[in-house]
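Read off the chains here:
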Amino acid sequence: MKWLEHKIPPPLVCAFFISMAAIAKSNDVGVFREAKSFDIWVALPFLTGIGVIVLGIWEFKRANTTVDPINPKKASVLVTSGIFKFTRNPMYVGMILFLISATFYLGTWIGFLSTFASGVYLTHFQIKPEEKIIENLFGQAYTDYKSRVRRWL
C-alpha cells in the first residue's frame, strides 16, 4: 500500500472522515446527542485545533521551510522550536482536534470511529513516510529530536 503514501493531502483525508460522520448523522446512525451550535465540547477542540495548526505553520514560515505535506523532501530546515517542542506533528494534531469538534457537533458515534480511522491513516500513510524522508534529510539531529518529542502528544 506504499502507493497511498503522500498521495492525499491531509486536509482532504480529514474532510472525508467528517463527511462520513455527517452522512451517519443525516441517516440517524449512532447519534448520541443533538447537534448544537458551538458549545464547549465543540468550541474547545475547534479553537485549540486552529491554534495548534497556526502555531505549526508559523514556525515553518519563520524557519523559511515548506509546509507542503505531499512533498516533505522540500524541507530545508528541521524545525524544533515553538509548538514543535511538544509535538512533532502539530498540523495533524490540529486536524484530529477538528474531527473531535465535528464529532461533538454532529453528535454521532461514527465521528469517533472516523477520528480514529483518520489518525491511523495519517500515521501510516503520511507521518511515518514523512519521518523516513526527514530522517534522511537531517540525520542524527532528527533522530535526537524524535527521542525527545512525541509524534502526536
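Everything below is about the structure shown above.
K.L.:
What exactly am I supposed to notice about helix α4 (residues 109-138) here?
P.N.:
An α-helical turn contains 3.6 residues, so any two residues separated by three or four positions project in the same direction. Between its first and last C-alpha, α4 extends 41 Å over 30 residues, near the 44 Å set by a 1.5 Å rise per residue. The largest bend in α4 comes to about 40°, at Thr 123.

K.L.:
Just checking my understanding: could you explain the environment of Phe 17 for this structure?
P.N.:
Position of Phe 17 relative to the elements: it lies in helix α1 (residues 10-26). Taking the C-alpha atoms as reference points, Phe 17 and Ser 118, separated by 101 residues in sequence, lie 6.6 Å from one another. Beyond its immediate stretch of four places on either side in the chain, Phe 17 contacts Leu 99, Ser 114, Ala 117 and Ser 118.

K.L.:
Sorry if this is basic, but what is going on with the environment of Ile 83 here?
P.N.:
Structurally, Ile 83 can be placed in the loop between α2 (40-62) and α3 (90-106). Overall, Ile 83 belongs to the buried group, its relative accessible area being 16%. Apart from residues no more than four positions distant in its own chain, Ile 83 is found in contact with Leu 55, Gly 56, Glu 59 and Pro 90.

K.L.:
Is there a simple way to explain the nonpolar core in this structure?
P.N.:
A general tendency of soluble globular proteins is for nonpolar side chains to be buried together. Counting 23 residues, the largest nonpolar core has Phe 84 and Leu 122 as the members making the most contacts within it. Taken together, the elements giving at least two residues each to this core come down to α1, α2, α3, α4 and α5 (140-148). Dropping the residues within four chain positions of it, Phe 84 is found in contact with Gly 56, Glu 59, Phe 60, Val 79, Pro 90, Tyr 145 and Val 149.

K.L.:
Could you clarify how one ought to interpret unusual backbone geometry in this entry?
P.N.:
Excluding glycine, residues mostly carry a negative phi; peptide bonds, for their part, are mostly trans. The phi dihedral of His 6 is positive, around 55°, even though this residue is not glycine. The topology assignment puts His 6 in the segment before α1. For His 6, a relative accessible area of 10% corresponds to the buried category. Phi at Asn 64 takes a positive value of approximately 60°, unusual for a residue other than glycine. Its location among the elements puts Asn 64 in the loop between α2 and α3.

What counts, and where the lines are drawn
Residues numbered from 1 in each chain as written. Predicted model: local features only at pLDDT ≥ 70, side-chain atom pairs only at ≥ 80, totals over all residues. Heavy atoms only, no water. Helix = DSSP H or I, 4+ residues; strand = E, 2+ residues; numbered from the N terminus. Expected span 1.5 Å × (residues − 1). Bend = angle between axes of the 7 residues up to and from the residue. Contact = heavy atoms within 4.5 Å. Buried < 20%, exposed > 50% of the residue type's maximum accessible area, 1.4 Å probe, protein only. Core = buried A, V, L, I, M, F, W, Y, C linked by side-chain atoms within 4.5 Å.

Remember, this is a structural readout, not a statement about activity or role.
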